[in-house]
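Examining the three-dimensional arrangement
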Amino acid sequence: MPEVVGVRFRRAGRIYYFDPGTLELKPGQEVIVETSRGLEFGEIVQENKDVAEKELVSPLRLVRRVAANSDYQQLAENKQRETEAVQICLDKIFKHGLEMKLVDVEYTFDRNKIIFYFTADGRVDFRELVRDLAAVFRTRIELRQIGVRDEAKMLGGLGPCGRSLCCTTFLEDFGPISIRMAKEQNLSLNPTKISGICGRLMCCLRYEVEHYEIAREFFPPVGEKVVTPNGQGKIMNWNVVKKTVFVELQDSSRQEEFPLEEIESLETDKKPPEKSSSSG
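Notes on the structure in this doc start here.

Criteria and cut-off values
- Residues numbered from 1 in each chain as written.
- Predicted model: local features only at pLDDT ≥ 70, side-chain atom pairs only at ≥ 80, totals over all residues.
- Heavy atoms only, no water.
- Helix = DSSP H or I, 4+ residues; strand = E, 2+ residues; numbered from the N terminus.
- Contact = heavy atoms within 4.5 Å.
- Buried < 20%, exposed > 50% of the residue type's maximum accessible area, 1.4 Å probe, protein only.
- Arc of directions from axis to C-beta.
- Pairing = 2+ DSSP bridges.
- Axes fitted to C-alpha atoms, helices over the stretch in contact; angles between N-to-C directions.
- Left-handed = near helix turned anticlockwise from the far one by under 90°.
- Nonpolar A, V, L, I, M, F, W, Y, C, P; charged D, E, K, R; others polar.

Here we take up the environment of proline 160. With respect to the secondary-structure elements, proline 160 resides in the loop between α3 (148–155) and α4 (166–169). Considering only alpha carbons, one finds proline 160 and lysine 193, 33 residues apart in sequence, at a separation of 8.2 Å. If we skip the residues at most four places from it in the chain, proline 160 touches Ser195 and Met202.

Bringing the side chain of threonine 119 into the picture now. Its location among the elements puts threonine 119 in strand β7 (residues 113–119). The class for threonine 119 is buried, based on a relative accessible area of 11%. If sequence neighbours within four positions are ignored, threonine 119 has contacts with Met100, Lys101, Val103, Ile146, Gly147 and Glu151.

What follows concerns helix α7 (residues 209–216). Considered for burial, the residues of α7 that qualify are Val209, Tyr212 and Ala215. Mapping the buried residues of α7 onto a view down its axis gives an arc of 125 degrees, with all of them on the same face. Elements in contact with the buried residues of α7: α5 (179–184).

Let us look at the sheet that holds strand β3 (residues 30–35). The strand order β2-β1-β4-β3-β5 describes an open sheet built from 5 strands, whose pairing is antiparallel. Whereas interior strands pair on both sides, the edge strands pair on one side only; in this sheet they are β2 (15–18) and β5 (63–66). Between one strand and the next, the sheet's axes are offset by a mean angle of 45 degrees, whatever the strand orientation. Of the pairings in the sheet, the one linking β3 to strand β4 (residues 38–50) comprises 6 bridges and is antiparallel in character. In the sheet register, isoleucine 32 faces β4, and the bridge partner there is phenylalanine 41. Sheet strands touched by helix α1 (residues 69–96): β3, β4 and β5. Its angle to β4, the strand with the most contacts, is close to 125 degrees.

Attention now goes to the sheet that holds strand β8 (residues 140–145). The strand order β6-β7-β8 describes an open sheet built from 3 strands, whose pairing is mixed. Edge strands, defined here as strands with exactly one partner in the open sheet, are β6 (101–107) and β8. Adjacent strand axes in the sheet meet at a mean angle of 20 degrees when their direction is disregarded. Each of β6 and β7 is contacted by α1, which is oriented at about 145 degrees to β6, the strand it contacts most. The strands that α3 touches are β6 and β7; relative to β6, the one it contacts most, it runs at about 55 degrees.

For the rest of this paragraph, the subject is the pairing of strand β12 (residues 255–259). Burial of β12 is one-sided: the residues Glu256 and Phe258 facing one way are buried, the residues Gln255, Glu257 and Pro259 facing the other way are not. Here strand β11 (residues 244–249) runs beside β12; their pairing, made up of 5 bridges, is antiparallel. Paired with valine 247 across the bridge in β12 is glutamate 256. Adjacent in sequence and paired antiparallel, β11 and β12 are bridged by 5 residues, among which serine 253 carries a positive phi angle near 60 degrees.

Packing of α1 against helix α2 (residues 127–137) brings their axes to within 10 Å, and their N-to-C directions diverge by 145 degrees. Handedness of the α1/α2 crossing: right-handed. For the pair α1 and α2, contact is made by Ala85, Ile88, Cys89, Lys92, Ile93, Lys95 and His96 and by Glu128, Leu129, Asp132, Leu133, Val136 and Phe137, respectively. Tallied by class, residues from the contact of α1 with α2 come to 8 nonpolar, 1 polar and 4 charged.

Listed below in structure tokens is the structure:
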């Protein structure tokens, strides 16, 4: 099996496999690697290991070297050039009156290409813009349209929870999110409460939905008649995390909360879920 190392180019970005050659590399080391767009600066996140051929994307490219002082200097110079390129591109976008929002600019490590990332509501004819930029920078130009979720991942920020965005800190890929996930967890369907700063449904709606889906198998449905320690009533709601249900009592018409194991269904025979040591 081929020996590889895992390299990441952006924080929380995808991990790519490279051929380490004769190098013994450890997580945290920074390296220069060959890629399809030239030399790039990356960080080792997985040390030397053997992997099956089917896990690799051919061709397997080489780790050229461990980053040296001159590489760090070039990286810093690239960052400075990227900052200057942002303002130049913004001026050109304004000049051509294009309906697009510039998000980020990235030089390849060897400066053979500049990539301009932007968002737009529709298709944009940026051929004149590319010609203008090529005349200024005298290198290959790529304009890449991205989505609002990718924009949030690039720029970062704080989510409604007050913590750094998941997509910026640890999510490598965006999984599909649906409104059904919010419904499964009895969350408010108010868009302002279940949407992230990107305007899309929050990625964290995925984290616990599987637990809720499993738990629902053991909870009596809303409206079902049950017997509680305080008399008969019907299910009005439930709390999956606490493993409790809210019952409207028949005699008093008031709602009380009961542990799931203390109620008995009059219509079905469902067993309560076993207690788990996880926080759910």
